[in-house]
Amino acid sequence: MASLLPAAASPAGAPSRSKKRPASPGTGGGPAKKKKAAAPGGSQGAGGEAMNENKFLNTDSSTGSVETTVKPLPFKDPNFIHSGIGGAAAGKKNRTWKNLKQILASERALPWQLNDPSYFNIDAPPSFKPAKKYSDISGLPANYTDPQSKLRFSTIEEFAYIRMLPSDVVTGYLALRKATSIVS
């Protein structure tokens, strides 16, 4: 009677006649090249051995004939043609890459209206995070504010420098920051 054996299974107790070491489980279970089925009565054992993971060998122990049937994988479409990005298979010409200069030139050639949005005139909603505060003297992130002059500073040295400044210079620093100049 004919028996249907899966590819990874071999008959129990049948020694392997191959001189190669068995493949690791992660490599697919065998050599990379596919071998053709051997003639009846060849080097296969009584039960037969499979050649690939998705192929089965039908063996008939009474006649010794070997039939190979291919089981199609359920997730592969046999009529699938890869379109890709382009190429001969898709019937399209290959996509060419443009550098920044070419992209800018092609955008300049487009018919832009005056009210079209660009990166310079997009209005964004106000941020939920508080605005960062920077020192009026050094430009570093400032954690402190002088209560007398209302100037921001980040180090002790800047604080000492702010206390030595005349009132017109303090007013100038506040005007640069667009703050109200309240000097007492």
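This text follows the structure it describes.
Residues numbered from 1 in each chain as written. Predicted model: local features only at pLDDT ≥ 70, side-chain atom pairs only at ≥ 80, totals over all residues. Heavy atoms only, no water.

S.K.: Even after reading the chapter, I still don't get the nonpolar core, so can you show me in this structure?
M.R.: Soluble globular proteins: nonpolar side chains tend toward being buried together. Grouped together as the largest cluster of nonpolar side chains are seven residues: Leu-151, Phe-153, Ile-162, Leu-165, Val-170, Tyr-173 and Leu-174. For this core, the leading source of residues is helix 3 (residues 167-176), giving three residues. Aside from chain neighbours lying at most four places away, what touches Ile-162 is Ile-137, Asp-146, Ser-149, Leu-151, Arg-152 and Phe-153. (Core = buried A, V, L, I, M, F, W, Y, C linked by side-chain atoms within 4.5 Å. Buried < 20%, exposed > 50% of the residue type's maximum accessible area, 1.4 Å probe, protein only. Helix = DSSP H or I, 4+ residues; strand = E, 2+ residues; numbered from the N terminus. Contact = heavy atoms within 4.5 Å.)

S.K.: Would you explain the packing of aromatic side chains in this entry?
M.R.: Counting across every chain of the model gives two aromatic pairs. Relative to Phe-159, the ring of Phe-153 lies with its centre 5.0 Å away and its plane at 40 degrees, an arrangement referred to as tilted. Look at Phe-153 and you get buried, because its relative accessible area is 9%. Taken together, the ring pairs connect Tyr-144, Phe-153 and Phe-159 into an aromatic cluster. (Phe/Tyr/Trp six-rings, centres within 6.5 Å; stacked < 30°, edge-to-face > 60°.)

S.K.: Explanation requested: helix 3 in the structure shown.
M.R.: Spacing of three or four residues puts side chains on the same side of an α-helix, whose turn is 3.6 residues. Every buried residue of helix 3 is listed here: Val-170, Tyr-173 and Leu-174. For helix 3, the angular spread of the buried residues around the axis is 95 degrees, confining them to a single face. When the buried face of helix 3 is taken as reference, the exposed residues oriented beyond 90 degrees from it are Asp-168, Ala-175 and Leu-176. Those residues of helix 3 that are buried are in contact with helix 2 (156-164). Once helix 3 ends, the next one or two residues include Lys-178, with phi positive near 65 degrees. (Arc of directions from axis to C-beta.)

S.K.: Would you mind showing me how to read the pattern of salt bridges here?
M.R.: Pairing between side chains of opposite charge can happen when their charged atoms approach one another. Here the structure, examined in full by the defined rule, presents two salt bridges. Across the pair Asp-136 and Arg-177 runs a salt bridge whose closest N-O atoms are separated by 3.0 Å. Within this pair, whereas Asp-136 is found in the loop between helix 1 (100-108) and strand 4 (144-145), its partner Arg-177 is found in the segment after helix 3, the two being separated by 41 residues in sequence. We classify Asp-136 as buried; its relative accessible area is 15%. Exposure remark for Arg-177: the relative accessible area of 25% places this residue in the partly exposed category. (Salt bridge = Lys/Arg side-chain N within 4 Å of Asp/Glu carboxyl O.)

Such coordinate-based values are descriptive only and should not be taken to indicate function.
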